[in-house]
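Chains, contacts and geometry: an overview
One letter stands for each residue in the lines below.
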Amino acid sequence: MSFSSYASNAKNSSAFEIPLLYRQLLHATPANALVLTKNRLWVNRNLQEQLHAYGLLQSRSRLWQLVCSQDRRPLLHILAAAFQAPGIPLHCELRLELQPQELSFFQTSVVRPEGSDSICLFLLNLTEERRLQERLAHREEQWKLISTTSEDGFWEWDLQLQQGYLSRRSQTLLGYAPGELAIDLDTMRQYIHPADHSRFYQQLAEHLTNRRPYFHCDYRMLAKDGTWRWVRSRGLVFRNETGQPLHILGTLRDIHEKRLAEERLLLRNRLLADLHEVALGLLKPYAPHELLDIILDKATAFMGVADSLLVLDEKKSGLSVPTFMASHGKLQFLEGQTSSDACGLTQLILQSQDAIYIENYTTWPKRHPALSALGAALAVPLRLEESTIGALLFFASASSQQFSPEEIQAAKHLADLAAASIRSTSLAASLAKETQERSQAESELQESQSRYEQLLALLPDAVFQVDRDTKIIIDANDQFAQLLGYTRQEILGKPILSFIDTTVHPTSEMEHFYTTIPNDGPIPRETKVYLHKDGSQIYLERSGSTSRSLEHCIILFVARDVSAQLAKEERLRYLGFHDALTGLGNRAYLEDMLAKMKSAPAPFSLGVILCDLDRLKKTNDSLGHAAGDLAIMEAASILRRCFRQDDVIIRFGGDEFLILLPHVNQELISQKCQNLLEEAKKVSHRWNYGHFGLSVGSSYDAAGSLNPQQLIQQADQQMYANKHRDTEPH
């Protein structure tokens, strides 16, 4: 049974004509409407336009063919029921095949007007709504897949309801079972380390008040086992039309091991720097008792403890002093005692070839009764060749303090330096005592030189000596030669200035530096650029001291390579001033450039161009953020082509770009704006990712009297006026 056969079963009546008012009402309705009578089919304008757009004929038989075959029988039942119940609307969902192999969905209302033999059908197109629901369902499945497979956890806070949500991964990376940890903004504070509260809530507040583009914070969270774990949280707030925050969505990443590794690296660098300072102090000549006091003072400060002890074996050390014990802190009462009965550790360490570490001295069976309140204990031997000449002992004042592996290794290096210095001092004292025995003195001197070279070899930093007057390198360790790509023999006897980059430090500058160095005293720490053998630059941070030997003033330098550190700092500075997606300057870079312009010695003309990427949000919503990112990068490429080297190009916002043009005229500003629009138009012809277009506004200050912020505001107003004009219907 079809529309035609159904209409023939209607009551016999005179030819039906649709009243004019009836037709006007049906034309005015926003829905698609059609009327079936015994003799004719009538459709309103909306349905006429749709049928015409699809190239379909307005006939009973053709419309019947458009109905999905599974919906035809139910539709006939609805028509029959509506005919039997005048004035009562009946509803159903109808699928029409307006295009081959593609169904459109319509919410259909069927009614027979009272006193009429006609049937009215109203069809509301639900196709786009259905497709949107399918896309949302697909996105939801994608989100579930990402949240279950990503190494990062996800979290969400509803700022209106003050409720929080943590994904399974967010909870398991802290050791909690899924669903075990339920937190909100109020209870979140107890799971954040107290030392991180201020930074966490400050950065969150700055993002919620639009002072930060997104939330980003590294902090410690309380794990289920009671430990604090480092995590990195990134989030983005979603706002309503008035800008009020609604909820914030973010990720949670476990960076605990990475953060601990960074802290260990910082500790190692600090220890190396401190060791470098200690080494400089021990290179100078001292009297035996004075040297021992200096060693203990520097060792105590280096290890960061209050209680320490230095023990020496008189025979093996070569010093003409009785068995010597210098003490600090709670160990002061041990001064003058023999090594065998001091704190229980001295005899053990003097017989040992390696360090002895006791995590809890308080519970150690051989501890000294008067020292039960001390924490961890560390003893390191002072060794020369195969012999132990003494020991350094350090005690933590609190039971919670422990010595890390890096600190233990640094203590060993310190002990090697101390042993070499003690041995050198011992040899010097022997030479002074036995001046008549020249041959023995020469032998001792050679041995002292050997110890000195051992000391240089033990240092992790580069060490070299320069004659101040001739500027010739008279000695250096292998570390210095290797930093420059040479062997030690290749650099000895060469002018130090031949290894300096004179493009950075002119020869006249370096000549002045050496001529103004005093005969005795320290040389401040500074960074100089040296040349590697292959021609590359090496940044060395050096410090030194001078001493006079006979007729020569000798400069001792200790240096280390800071090239990687400076490169990292430069990279971090670049990332802080540039947008990650486009490589253009960001707002921080803009503020820096505005500050430099403000401090210029004289005012100058300044032009400002502000452009906006049209319909970016629509592109993101319809094609995804990857397509939006392509549009942003294409816009950045256009800007690079259109502006001069001296112009400042800034990514001002998500879809906005700002250009500062110093020393220009109004004609050039107008030309640049026109070039931008022409380039954007060229790109739009070949663009395959939605709409591409730019809206442009500009401002100009010929006298340099206006505040740049005023120019930016004027350009912004003009840009939005142009955007409104271009999008206004004509």
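This text follows the structure it describes.
In this text, all values refer to a predicted model and were calculated from it rather than measured experimentally.

Calculation criteria
Residues numbered from 1 in each chain as written. Predicted model: local features only at pLDDT ≥ 70, side-chain atom pairs only at ≥ 80, totals over all residues. Heavy atoms only, no water. Core = buried A, V, L, I, M, F, W, Y, C linked by side-chain atoms within 4.5 Å. Buried < 20%, exposed > 50% of the residue type's maximum accessible area, 1.4 Å probe, protein only. Helix = DSSP H or I, 4+ residues; strand = E, 2+ residues; numbered from the N terminus. Patch = residues over 30% accessible without salt bridge, like charges linked within 9 Å, V, L, I, M, F, W, Y side chains within 5 Å. Areas by Shrake-Rupley, 256 points an atom, 1.4 Å probe, with all protein chains shown as cover. Salt bridge = Lys/Arg side-chain N within 4 Å of Asp/Glu carboxyl O. 1 Å grid on protein atoms, 1.4 Å probe; cavity = no way out; pocket = protein on both sides within 12 Å on 5 of 7 lines; lining within 4 Å. Points joined across faces, edges and corners; volume = space filled by probe spheres on them. Nonpolar A, V, L, I, M, F, W, Y, C, P; charged D, E, K, R; others polar. Pairing = 2+ DSSP bridges. Axes fitted to C-alpha atoms, helices over the stretch in contact; angles between N-to-C directions.

Here the focus is the nonpolar core. In this structure, Met303, Leu378, Leu382, Leu392, Phe394, Phe403 and Ile422 are the most contacted members of the largest nonpolar core, which totals 28 residues. Within the residue set of this core, elements represented by two or more residues are α10 (288–303), β11 (307–312), β14 (377–384), β15 (387–395) and α13 (405–433). Leu584, Cys611, Leu616 and Ile638 belong to the second largest nonpolar core, which has 27 residues in total.

Before going further, it helps to examine a nonpolar patch on the surface. Residues Leu623, Leu630, Met633 and Tyr689 make up a contiguous nonpolar surface patch of roughly 340 Å² in combined accessible area. Secondary-structure assignment places Leu623 in helix α20 (residues 616–623).

With that settled, the discussion passes to empty space enclosed by the protein. Under the definition given, this model contains three cavities of 30 Å³ or more. Empty space within the largest cavity amounts to approximately 150 Å³. Forming the walls of the largest cavity are 15 residues, and the residues nearest its centre are Leu34, Leu47, Leu63, Leu96 and Leu123. A breakdown of the residues in the lining of the largest cavity according to their chemical character gives 13 nonpolar, two polar and no charged. Estimates place the volume of the second largest cavity at around 70 Å³. Lining the second largest cavity, in full, are Trp155, Trp157, Leu166, Ile183, Met188, Phe200, Tyr219, Met221, Ser233 and Leu252. Elements with a contribution of two residues or more to the lining of the second largest cavity: β6 (153–158) and β8 (215–222). Partitioned by chemical class, the residues of the lining of the second largest cavity number nine nonpolar, one polar and no charged.

This part takes up the sheet that holds strand β23 (residues 656–662). In spatial order, the strands read β22-β23-β21-β24; together these four strands make up an open sheet with antiparallel pairing. In this open sheet, the two strands that pair with only one neighbour each are β22 (648–651) and β24 (694–701). When strand polarity is set aside, the average angle formed by the axes of neighbouring strands in this sheet is 15°. Looking at chain direction, strand β21 (residues 606–613) and β23 are connected through seven bridges and run antiparallel. Residue pairing across strands places Cys611 opposite Phe657, the latter belonging to β23.

Structurally, the position occupied by Glu206 is in helix α8 (residues 197–208). Under the relative-accessibility criterion, Glu206 is labelled buried at 15%.

The subject of this paragraph is the pairing of β14. Burial analysis of β14 places eight of its eight residues in the buried class, the great majority of the element. Burial along β14 is two-sided: the residues Ala377, Ala379, Pro381 and Arg383 and Leu378, Val380, Leu382 and Leu384 are all buried. Two strands pair when backbone bridges link them, and strand β13 (residues 356–358) and β14 are joined in this way by three bridges, in the antiparallel orientation. Bridge assignment links Ile356 to a residue of β14, and that residue is Ala379. Pairing between β14 and β15: eight bridges, direction antiparallel. Bridged to Ala379 within β15 is Leu393. Here β14 folds back onto β15, and the loop between the two strands holds two residues, one of which, Glu385, carries a positive phi near 55°.

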